[in-house]
There are 4 protein chains.
Amino acid sequence: MKSDYKFHYDLRVRFAETDLQGIVFNGNYLTYYDTAWTEYFRELGMTYHKFLDRGVDTVLARTTIDFKSPARFDDIIEVHTRVSSIGTTSLWFDFEIYPKGEDRLVGAASSLYVCVDPKTLKKIPVPEWLRSVIEKFEGKELKEIQRT
Amino acid sequence: MKSDYKFHYDLRVRFAETDLQGIVFNGNYLTYYDTAWTEYFRELGMTYHKFLDRGVDTVLARTTIDFKSPARFDDIIEVHTRVSSIGTTSLWFDFEIYPKGEDRLVGAASSLYVCVDPKTLKKIPVPEWLRSVIEKFEGKELKEIQRT
Amino acid sequence: MKSDYKFHYDLRVRFAETDLQGIVFNGNYLTYYDTAWTEYFRELGMTYHKFLDRGVDTVLARTTIDFKSPARFDDIIEVHTRVSSIGTTSLWFDFEIYPKGEDRLVGAASSLYVCVDPKTLKKIPVPEWLRSVIEKFEGKELKEIQRT
Amino acid sequence: MKSDYKFHYDLRVRFAETDLQGIVFNGNYLTYYDTAWTEYFRELGMTYHKFLDRGVDTVLARTTIDFKSPARFDDIIEVHTRVSSIGTTSLWFDFEIYPKGEDRLVGAASSLYVCVDPKTLKKIPVPEWLRSVIEKFEGKELKEIQRT
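Remember, predicted model here, so these are calculated numbers, not experimental data.

We now examine the relation of the copies chain D and chain C. The operation relating chain D to chain C is a screw motion whose rotation component is 180°, with 0.0 Å of axial translation and a residual RMSD of 0.0 Å. Such a turn and shift between the copies fits a two-fold axis. Identified as the residue of chain D closest to the rotation axis by C-alpha distance is Thr64 of chain D, at 2.1 Å. When you check the interface residues of chain D against chain C, 100% turn up at the interface there too, and the contact is symmetric in its surfaces.

See the structure below:
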């Protein structure tokens, strides 16, 4: 539900992102979610370049994506984004997409990002400053939730 | 495990599919899985055009994707593909990706495809001929499995 | 030169659009130019859907693209866009890309779009209303220029 | 004309590469040409990794692309590829695309690649070994041709 989210990023669907079914090709949703990840952290004052400067990058380890209803060329979609839990080395993000100003769910995703060293791409702990900046924005403590 | 699969499709990673981390961008795996879907059915004698001729298309409704280890430009990867269960209107596909000739898992996906009318994109039942052609290839009955 | 253009559209480079060289993959510039095409016409009051409603679509017939300097992830780029000449069935677009607020040319393109029937994709004449709306915006008559 | 080429690479059009017009999106042709570049050099015994090991990379500086007739999902296309001239720091490639076994031209491109240092992306001379391996394959001396 939109009200679960404090942040959303608006995107307009590009011609290139559609396929012969006349709707957005499924793989492009991962680009939308990835772009929303970037903008979520920009909102929190943390650009990707600041992550790298502090020796932190992330990689997507797992995602579950639901495709609920189609988005089409020239639609403006809202990508609602939040961090739902923080573990030792990882962050769970939730995403929901709606057409701008509508309540029809287009898609949703739950995605596990793992913190890694930018050079080696090896796992590292979630830095304390990152946990802190996220919890401040989300307005609550974000404990690790057990998921399959 | 590779031995769970009767079919795999080989792809070579394209330059365009990498990102600034030097590895395949996560969204491109959905293109790989989609391409393997097409080739799986070609192996069974069913091109996409034959699906349409028979009044059947499918849309991806849900997918869970694991990203286990990176694939890089010019790697040849094997996309192992199978149907694991068939429901009233839907098919579950499993996929596993390995570098050619290796046992290191690059990624895996479990994907729910729903049969739809090609014109309206509305849900339709899995046709009997489709169930039959898949079960014959997989060599077993494919009952619906309850999944979350 | 920026001053040759009355319109530009700002885009932020997405992570997915970079490649292993750490810069925007060349094919993505065609998506940027295509997106700017759409936004140029939106500025003129003509969405793509209005084109279709009036029985007009366009296809790209020829483009020359110069890649002058790299764009990188998270850069905001200005895609300057104009129609430079109008023929019997075609429109020439010019594009120039600059990083936001800078004068360093990132890339440029000169692109020939042909008007087609949306259903058959066969060539049709440039409609008079389209010529008129463009010439009004550009502030001059746009005669056909002979190009190779 | 196909007979101008000693090399071609076959690709099957992917679902993800189509757009709502039901044909291959124009930007994807740059991926096709780029992939053919890679395969051309593989045919000559020069993988991209060998280029890097020898301190050479290339970037696309300019391309002119013609879109002649549509390619559609599941089509197999032949991407004919050759080097047509070699300059001090650059190589001109010609490409022509045909549906497999047909003479209908789908598209063509003429592309200028500049040799660069892989680390700095700064221009470097075309190495003698590269000129030599290409001229041997093409069966003739490849002088620089003046082009606009």
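Attention now goes to the relation of the copies chain C and chain A. Mapping chain C onto chain A is achieved by rotating through 180° and translating by 0.0 Å along the same axis, at an RMSD of 0.0 Å. Mapped onto chain A, 100% of the interface residues of chain C again fall at the interface, so both copies present the same surface.

Let us now look at the pairing of strand β4 (residues 90-99) of chain A. Residues and elements named next belong to chain A. Pairing between strand β3 (residues 76-86) and β4: 9 bridges, direction antiparallel. Bridge assignment links Ile77 to a residue of β4, and that residue is Pro99. Hairpin connection between β3 and β4: a loop of 3 residues separates the two successive antiparallel strands. As paired strands, β4 and strand β5 (residues 107-116) are joined by 8 bridges and run antiparallel to one another. Within the sheet, the bridge partner assigned to Ile97 lies in β5 and is Gly107.

Quick look at the interface of chain D and chain C now. Taken together, the contact between chain D and chain C spans 17 residues of the former and 18 residues of the latter. Of all the secondary-structure elements, those providing two or more residues to the side of chain D that touches chain C are α1 (27-43) and β2 (57-67) of chain D. Tallied by class, residues from the side of chain D that touches chain C come to 8 nonpolar, 7 polar and 2 charged. As judged from the 5 bridges shared by strand β2 (residues 57-67) of chain C and β2 of chain D, these two strands associate in the antiparallel manner. Of the residues in β2 of chain D, the one forming a bridge with Thr64 of chain C is Thr64 of chain D.

Once that is clear, we can look at the sheet that holds β3 of chain A. Two modes of strand pairing occur in sheets, parallel and antiparallel, and in both the strands are linked by backbone hydrogen bonds. Taken in spatial order, the 10 strands line up as β1(A)-β3(A)-β4(A)-β5(A)-β2(A)-β2(B)-β5(B)-β4(B)-β3(B)-β1(B) in an open sheet, and their pairing is antiparallel. The open sheet has two free edges, formed respectively by β1 (7-12) of chain A together with β1 (7-12) of chain B, since each of these has just one partner strand. Neighbour to neighbour, the strand axes of the sheet diverge by 25° on average, direction disregarded. Along the sheet, helix α1 (residues 27-43) of chain A makes contact with β1, β2 (57-67), β3, β4 and β5 of chain A, crossing β1 of chain A at roughly 135°.

What follows is about the environment of Thr31 of chain C. With respect to the helices and strands, Thr31 of chain C occurs in helix α1 (residues 28-43). For Thr31 of chain C, a count of 22 C-beta atoms within 10 Å puts it in the buried group. Remark: the alpha-carbon pair of Thr31 of chain C and Met1 of chain C, spanning 30 residues in sequence, is separated by 21 Å. Other than its neighbours up to four places away in sequence, Thr31 of chain C contacts Arg14 and Ala16 of chain A together with Gly27 of chain D.

Attention now moves to α1 of chain A. The end-to-end C-alpha separation of α1 of chain A is 25 Å, in line with the 24 Å expected for 17 residues at 1.5 Å each. Looking one or two residues past α1 of chain A, Gly45 of chain A carries a phi angle of roughly 85°, positive in sign.

Scoring rules and cut-offs
Residues numbered from 1 in each chain as written. Chains lettered and ligands numbered in written order. Predicted model: local features only at pLDDT ≥ 70, side-chain atom pairs only at ≥ 80, totals over all residues. Least-squares fit on C-alpha atoms with pLDDT ≥ 70 in both. Contact = placed C-beta atoms within 7 Å. Pairing = 2+ DSSP bridges. Helix = DSSP H or I, 4+ residues; strand = E, 2+ residues; numbered from the N terminus. Nonpolar A, V, L, I, M, F, W, Y, C, P; charged D, E, K, R; others polar. Axes fitted to C-alpha atoms, helices over the stretch in contact; angles between N-to-C directions. Buried ≥ 20, exposed ≤ 12 C-beta atoms within 10 Å, placed from the backbone. Expected span 1.5 Å × (residues − 1).

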